[in-house]
Each structure stands twice: as C-alpha cells, then as structure tokens.
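# Structural characterization, general
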Amino acid sequence: MSPLLEFDNVTLSFGGLVAVDRLSFTVENGEVFAIVGPNGAGKSTAFNLISRFYDPVEGKIRLAGDDLVQHPSHDLAGLGVARTFQNIELFDQATVLENLLIGRHRFRKSNLLTEIAFTPFVRDQERQHRHAVEEVIDFLDLQPYREKRIAGLPYGVRKVVELGRALATKPRLLLLDEPASGLSVEETRDMAYWIEDIKKQMGITVLMVEHDMHLVSSVSDRVLAMADGHKLALGTPDEVQSHPAVLEAYLGAGDTADREAAE
Amino acid sequence: MDILQLLVSGLANGCIYGLIALGFVLIYKATEAINFAQGDMMMLGAFITLGLTNTGYMDLPFWIAVPLAIALMGVFGYLLDLIVIRRMFGEAQIAVVILTIALGFVMRFAAGTIFGHEPQSLETPYAGQDLRFGGVVLGVDEAVVVIATVALTVVLFLFFNRTKLGVAMQASSQNQLAAYYMGIPVRRVQSLIWGLAGVTATIAGVLYASKGSIDPSAGLLGIKAFAAAVIGGMGSLPGALLGGIIVGVIEPFASRYVAAGYSQIAPYLLLFLVLVFRPHGILAQVHRKKV
C-alpha cells in the first residue's frame, strides 16, 4: 500500500534561489507528521507545493499514489486534503456557522432549480450538512460563537474556526500551517489535545508546520527537520531534537562547539 | 399628490440605476475591478432585445426575445471574462479599468454600426398603458420596472443564500484563497459572475428601453449608476439597489424644486456628501484590517 503522501525528490526554485532542494519524505496513514526548521528553511514552500500553489521544477508529489501535480488547487478538497493558513484565511463577513458550512461545499449536489425551490431532497441534504457541522462545533467547543461574525472574533477563536472549517470538509489529510502561532499557552494546550483527537478519534492524518517545539514533541509521531530547502533529519521528535545537524542549524556551529567544549 | 407622483416616477428610474449598480458591485466584489462597461452592457442587452423583437428586425414575440437576450448577454459576459479580462490577471487595477472603458467604446461603436445612432424604442406588449390610483398616474412600463426589480432582488437573494453556486460566488468574493481550498473553482466562478452581470445589465436595459428610448450612447447612464453604487456602498448588493433608488428619487425632485441648471448635479452632490461623511457608502461592509 502506498503512503498517504509522498515527496519524491522534489525541487522548487525561484530564479536562482532553491527553495526546496531534492526533498523526499513520506507521510503514512494515521500519523501526525511535523515539519520544523528555522525561517526560510522551505517548510512553508513544501506546504504550498502540496496545496498546489507552486509546481515543482522536478520530482513528484503523490497522494495515495495519485500524482498531485495533475490537480489544480480547487481539486484538493475533493481529494480529501484540507488546510489552514498561518495568517488565517476565513470568510470574514460570514458567521462561524456559515464558514463551517462552506466546508461542506464539496458534498453539495448542485441543481439551481431544486435549490431555489428547496425541495425535500435539498432539505434533507441541508440537514445532513448542518448535522456534520454541529459535530465539528461540539468537538471544538465553538457553541458560544456559532452565530458570530468572524470579523469581530478574537484571534485565538478564529484559529479554531479555521481548523473547524478544514474538518468540515472531512479530509483524509489535514495540513496545519503553524497551528499554535499567536496562541496563548492555554490555547496551545487545547490545540494539542485537538490534534491528538483528530488523529485518534477521527483517524485523520495530520501534517503540520510548527515552531513551538513543545507542541511538536508532544503530538508528533515523526518530525522532519529542514534547513535551506533540504532535509536535515527525519525521525521521532527525540531523535530529531538531538540530531547534531539540527542542533547546528538551530544553535549555530559556534554554540555547538562551545557546548562540546563545556562538556 | 404632486410629491407622490414625483416619488413614483423617481422610483422606476431608480430601480434601473440600482440594477446597473448591482452589476458594478457584483464584479467589484468578485474581482476588485470596476467594470466601466456595465452601462454599455445594459445598452447592448437592450439593443439585442430590440433586434430580436422589433418589427423590421427579427420580429420575435417579446416574451421569447427577452429571455433569449438575457441568455445571450449572460454568455457574452462569461466569455468577456474568459477571453479578455482574465488575461489581465495580476496587472494593476487601473489597467483593468481602462480596458473596460475601452470595451465600452467598442460596444457603443458596434451597436451604432448595427442599429444606427438614432434613438429607438423597444416594442413591448404593455407600451403606453397607464394605471391610475386616485390622482397618481403610473405607467404600466414603470410598474413593470418596479415589479421586475423586486422579483429579481428576491431571486438573487435566494440564489446567493441557498444555491451552491451562489454561496460559492459569495465565498470567492470574500476570500479567494480560502475558496480554492473549499473546492471552489474560483476563476470559473468569476467568469460566471461576469455572466450574471451581463444578465442583470440586460434586464436593466430592457426595462430602460421599454419606458423610453435607447440609443448607443445610453450606456453613459452607467456613470450615474456608478455614483449610485458608491453611495450605497461599493461592496454591498442591497446598498447598490438602495443607492440606485436614492439617486432615481432625487432627480425628479431636484428638477422640480431646484433651478434648472443645478438640478443635474443633485446626484453627484449627494455622492460628494456621502464620500465626505460616510466614505464607504451607506450600507458599507467595512472592517479595518487588524495589523
């Protein structure tokens, strides 16, 4: 059986700058996989390659064996890939409920006339969508905000709404772009619980880019450390955190030398 | 009675401004560009209907000609985006604006070449009939304008709130990036919005031409409708209709009570005041971006 997501020797360059350099890794079904690295390491670029923002110059990206590069970005939801954004991309003039309902877009059977007439079939469908969305609202404790407009909500809540909207699309693979950035300590703790439950209860594979190493090591099964567009280390959180190349990239060669001297 | 009569005739004009303004807002919300050819699309839609139904042209029954013209202009709007406007993707907004101004010239020229520059009136089954309520006289043509506008508003409301495509259009105009990842083919949806703008323009055009006459430069009315869209709030569909009705109602009152030379400027004076005191329009949906 092929892995859920596979990067096979992927390269992307902007002009002379190589953003992702012959990167290969696989994400297996049912795991939480984190990509870490300093700014400019190519983490977000790797993410945006999966999101079909960019086309790789070389190499293949496969989703369950299917060549992802063949698909435009609006196919992803249908393929079972959902994502959140570092800077939160919600429909600001809509309510929380409406945002989550748009997540059901891919399941709506389109027929203008029956929809305008609101036939029993359409009503039944609508009920199912509402039901699916209410489950997400319960899961993420969003009840108090159900009818609130996004534009007036605090940052932490919006972050959760965006996660909820991604879950409403019923993905196989969930991409989280810095899920803890801008969150308080308690909010980050909640996020960690949710990521675990998303994996365990919902059986969704999670791929995330994150700076908060505490969150990464508490929820991830495997971690990929990147620097300058290529792979530094891949393994369990502990293995990666103690890998010499990672220590060097994070702390700088000088620091490592100092530490070795101290020991 | 006098005031009521002015109000009624202003309302009918205002509905037409409102429908053209609706086209401005639809396209602005979807693409952040302003389609200055919206008035000319109204004119073109009216002439296509006229060409299909008037005696001496194709002589089709009015109730067949209108849906046919609406469908043709819908396809025209869709193709205009697909073939021309989309190529401007990534260019400065002003380039798109100038392109639409140029497209307006082309449409005016094409209509003038085919139909001539003389004003012509659209032959309708209800021309010249009046309804009387006490002392107020309402032309059937004016009543049709109001009824059609209300009906179209209801249909658009249901379309935007209940249908998959309508919700996808709203989503694409609020946040393109997010819309893509909900599975919405944003570019195709944008072309469809141009198609919808062609449809509303044609309905406005038919209503306009049925209560007066139409000539190829009638699209310049679009400037007044643009003012209406800005007065109502450029991002708001109900605002566009409201702005249109306000402009339409102000006009007859201004020409009745204000000196002849000044009445023409009344809508623009209002535009000026709105821009000074409520720069985002009456029904603005503005929120400051948090930094």
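Residues numbered from 1 in each chain as written. Chains lettered and ligands numbered in written order. Predicted model: local features only at pLDDT ≥ 70, side-chain atom pairs only at ≥ 80, totals over all residues. Heavy atoms only, no water.

Using the following cut-off: UniProt positions are given in the numbering used here, feature names are shortened, and annotations may be inferred rather than shown by experiment.
Going by what an unreviewed UniProt entry lists, chain B is known as Branched-chain amino acid ABC transporter permease and is assigned to Oricola cellulosilytica. Under the heading Sequence similarities (unreviewed entry), UniProt records this for chain B: "Belongs to the binding-protein-dependent transport system permease family. LivHM subfamily." In its Subcellular location (unreviewed entry) section, the UniProt entry covering chain B states "Cell membrane".

Under an unreviewed UniProt entry, the name given to chain A is ABC transporter ATP-binding protein, and the organism recorded is Oricola cellulosilytica.

## Some remarks on the overall build of chain B
Note the following rule: Where helices and strands are cited, they refer to DSSP runs of H or I of at least four residues and of E of at least two residues respectively, numbered from the N terminus. For the radius of gyration, the atoms used are the C-alpha atoms, and the globule rule reads 2.2 Å times the number of residues raised to 0.38. In this scheme, a residue with accessible area under 20% of its type's maximum is buried, one over 50% is exposed, and one in between is partly exposed, where area comes from a 1.4 Å probe on protein chains only. When checking whether two residues touch, look at their non-hydrogen atoms; a contact exists if any pair is within 4.5 Å.
Helices and strands together make up the secondary structure of chain B, namely 12 helices and two strands. Put simply, chain B runs from its N terminus to its C terminus through helices and strands in the order α-α-α-α-β-β-α-α-α-α-α-α-α-α. Against the 2.2 N^0.38 benchmark of 19 Å for 291 residues, chain B shows a C-alpha radius of gyration of 19 Å, consistent with a compact globule. Taking the principal axes of its C-alpha atoms as reference, chain B extends roughly 55 × 50 × 35 Å. Across the 291 residues that make up chain B, the buried fraction comes to 51%. Looking at chain B alone, contacts between residues at least 24 apart form 75% of all its contacts between residues at least 6 apart.

## Points about the environment of B:G116
Residue and element names in this part refer to chain B. For G116, the position within the fold is in the loop between α4 (93–115) and β1 (130–133). What makes G116 partly exposed here is its relative accessible area of 25%. For G116 and A92, which are 24 residues apart along the polypeptide, the C-alpha to C-alpha distance reads 35 Å. Those residues in contact with G116 that sit more than four places away from it in its chain are A111 and P216.

## A closer look at the packing of aromatic side chains
Heads up, the rule is: Aromatic pairing here means that ring centres of Phe, Tyr or Trp (its six-membered ring) are within 6.5 Å. Orientation follows from the plane angle: under 30 degrees is stacked, over 60 is edge-to-face, and everything else is tilted.
The final tally for this structure, using the stated rule, is 14 aromatic pairs over all chains. Ring geometry for B:F24 and B:F36: centres 6.2 Å apart, planes at 70°, overall edge-to-face. Here B:F24, found in helix α1 (residues 2–31), pairs with B:F36, found in the loop between α1 and α2 (38–53); they are 12 residues apart in sequence, far enough to count as distant. With a relative accessible area of 1%, B:F24 lands in the buried category. Ring centres of B:F253 and B:Y257 lie 6.3 Å apart, and the angle between their planes is 20°; this geometry places the pair in the stacked category. Taken together, the residues B:F253 and B:Y257, both in helix α10 (residues 237–257) and four residues apart, mark about one turn of the helix. Judged by relative accessible area, B:F253 falls into the partly exposed class, the value being 22%. By the ring-pair criterion, three or more aromatic residues cluster together here, those being A:F7, A:F25 and A:F33.

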